Amino acid sequence: MDPVVIPILVAAIVVVFLVAATVRIVPQARRYNIERFGRYRRTLQPGLNFVLPVADRVNTKLDVREQVYSSDPKPVITEDNLVVNIDTVLYYQITDPRAAAYEVADYLQAIDQLTVTTLRNVIGSMDLEGTLTSREEINARLRAVLDDATGKWGIRVNRVEIKAIDPPNTIKEAMEKQMRAERDKRAAILHAEGERQAKILTAEGTKQKDILEAQGTQQAMILRADGESKAVELVFQSVHRNNADAKVLAYKYLETLPHLAQSDNNTFWVIPGELTEAVRTVTSAFGDRSAMGSPVAAERADTADGGTDDTSDEAATPEIEGDPTLALDAAAAADEAAKQAEVAVSDAKAEAEAAGETQMPGRGQVSGG
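Residues numbered from 1 in each chain as written. Predicted model: local features only at pLDDT ≥ 70, side-chain atom pairs only at ≥ 80, totals over all residues. Heavy atoms only, no water.

A short note on a positive patch on the surface
Inclusion rule: Patch rule: a residue counts if its relative accessible area is over 30% and it has no salt bridge; like charges are joined within 9 Å, and nonpolar side chains (Val, Leu, Ile, Met, Phe, Trp, Tyr) within 5 Å. Per-residue and other accessible areas follow the Shrake-Rupley method at a 1.4 Å probe size, with only the shown protein chains counted as cover for residues. One side-chain nitrogen of Lys or Arg within 4 Å of one carboxyl oxygen of Asp or Glu is enough to make a salt bridge. Two residue types count as positive, namely Lys and Arg, and two as negative, namely Asp and Glu; His and chain ends fall outside the count. Here the site of a charge means NZ on Lys, CZ on Arg, CG on Asp, or CD on Glu. We count a stretch as a helix when DSSP gives it H or I for four or more residues in a row; a strand needs E for two or more, and each element gets its number in order from the N terminus.
Taken together, the side chains of Lys177, Arg180, Arg183 and Arg186 make up a positively charged region of the molecular surface. In this structure, arginine 183 sits in helix α6 (residues 169-242).

Here's what the structure looks like:
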């Protein structure tokens, strides 16, 4: 090999080394702290940077993006002397790379210890129930303390969250029993409210049903009374239009009277005082017809008194045969009607006495005359 080539190769290697030591490429969101002869010189920004070879060197490489740090569970004593384990999650960001590298030896350990001491101060002033229900307040107070302490370290704490609060197992069991009792209580209250509402609705429905039934009964009675009134009015008009005499009315009265005692629910029977008058009217009506005499009886009397040959009369007028009751005279018919009325009254009295009625309200008394 030519002796001239060797120095050229050595010079080229030295130049490449110096160029490589002079150029520094910093990635995005990274910061490099440069020291010159052991003293902080400057912080390299992202991109192409030049440094003095041999004299300058990179001390620390820092990531300025927001980072998450999750601490281990730390025991903390509450105001009511209960030990709880609390896990925290810390969101932080490096704002000053020089301070983060030279103001504190290990900023993560420093933040962790500061978080634990702050938690003990905050939780120590609260009981267990307040600790479990006041996470927002604990987070705000913890962040305020960490911001104030980490500001000089070149670190900004964006958020502090409590991940978990674990009380002792005995306290967990007691809390579960309490929650179960609360749920049972709410269930019993809801069940009672449901039954109360159901009873109210049932009562309202029964009330509406009774009202509607009463209104229906009222309307039915009104319509029935209206129909009966119109029927009576029509009968009254028909009677007066046909000019019915007292004989027909008295007979209808006696015909209707026995039906009063046919009901099974009657325990007593009111005997009207007009019964005697009705019987007397019927008797007088049939008595007039007996005075006039029946044609058959008159014809027979004439035949007996004449003593003449009535063969021709018998041939001309045949004898009429009928029911024996038609041959009774008017007085016998009236007596028979009176007897039937008295029998009906006697039967009604016997039924009333058999039912245990000892007092009979009388609007009138029946006489056999």
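Having seen it, we continue.
A word on the nonpolar core
To be explicit about the condition: We call a set of buried residues a nonpolar core when its members are Ala, Val, Leu, Ile, Met, Phe, Trp, Tyr or Cys and they connect through side-chain atoms within 4.5 Å of each other. Between buried and exposed lies partly exposed: a residue is buried under 20% and exposed over 50% of the maximum accessible area for its type, with that area taken using a 1.4 Å probe on protein chains only. Whether two residues are in contact is decided by their heavy atoms, any of which lying within 4.5 Å being enough.
Membership of the largest hydrophobic core comes to 29 residues, with the highest contact counts inside it found for Ile86, Leu90, Ile138, Leu146 and Ile155. Looking at this core, the elements with two or more residues in it are β8 (83-94), α3 (107-123), α5 (135-150) and β9 (155-166). No other element matches the seven residues that α3 contributes to this core. Setting aside anything within four residues of it in sequence, one finds isoleucine 155 in contact with Tyr92, Gln93, Ile94, Thr95, Tyr107, Ile111 and Thr150. Formed by five residues, the second largest nonpolar core is a distinct cluster that contains Val26, Tyr32, Leu44 and Val51.

A word on the packing of aromatic side chains
The condition is simple: Only rings of Phe, Tyr and Trp enter the pairing, Trp through its six-membered ring, and a pair is recorded when the two centres are within 6.5 Å. The plane angle decides the type: under 30 degrees is stacked, over 60 is edge-to-face, the rest tilted. Two conditions define a charge located above a ring, namely a distance within 6 Å from the ring centre to NZ of Lys or CZ of Arg, and an angle within 35 degrees of the ring normal.
Considering all chains together, one arrives at two aromatic pairs under this definition. Their ring planes at 65° and their centres at 5.6 Å tell us that tyrosine 40 and tyrosine 102 sit as a pair that is edge-to-face. Pair noted here: tyrosine 40 is in strand β3 (residues 39-44) and tyrosine 102 is in helix α2 (residues 97-102), with a separation of 62 residues, a long-range link. Relative accessible area serves as the criterion here: at 29%, tyrosine 40 is assigned to the partly exposed category. The positively charged end of arginine 159 is found above the aromatic ring belonging to tyrosine 91, 5.8 Å away from the centroid.

Looking at a negative patch on the surface
On the surface, a cluster of negative charge is made up of Glu79, Asp80, Asp127 and Glu129. Looking at the element boundaries, glutamate 79 is found in the loop between β7 (74-77) and β8.

Some thoughts on the sheet that holds β3
Put simply, the rule reads: The pairing criterion for strands is at least two bridges between them, as found by DSSP. Axes here refer to lines fitted to C-alpha atoms; in helices the fit is confined to the stretch in contact. Angles between the N-to-C directions go from 0 to 180 degrees.
Spatial ordering of the open sheet is given by β3-β2-β5, a layout of three strands whose pairing is antiparallel. Every other strand in the sheet has two partners, leaving β3 and β5 (56-63) as the edge strands with one partner each. The average angle at which neighbouring strand axes cross in this sheet is 25°, direction not considered. Both strand β2 (residues 30-36) and β3 contribute to a ladder of five bridges, which runs antiparallel. Bridged to arginine 36 within β3 is arginine 39.

Quick notes on α3
Convention followed: One less than the residue count of a helix, multiplied by 1.5 Å, gives the span that helix is expected to have. Polar contact is defined as a pair of N or O atoms within 3.5 Å, subject to the rule that within protein one atom must be able to donate a hydrogen and the other to accept it, and that residues adjacent in sequence are counted only when both atoms are side-chain atoms.
Over its 17 residues, α3 runs 24 Å from end to end, which matches the ideal 24 Å to within 8%, given 1.5 Å per residue. All of the buried residues in α3 are Tyr107, Ala110, Ile111, Asp112, Leu114, Thr115, Val116, Thr118, Leu119, Val122 and Ile123. Where α3 begins, one side-chain oxygen reaches toward the backbone nitrogen of leucine 108, 3.3 Å away; that side chain belongs to aspartate 106.

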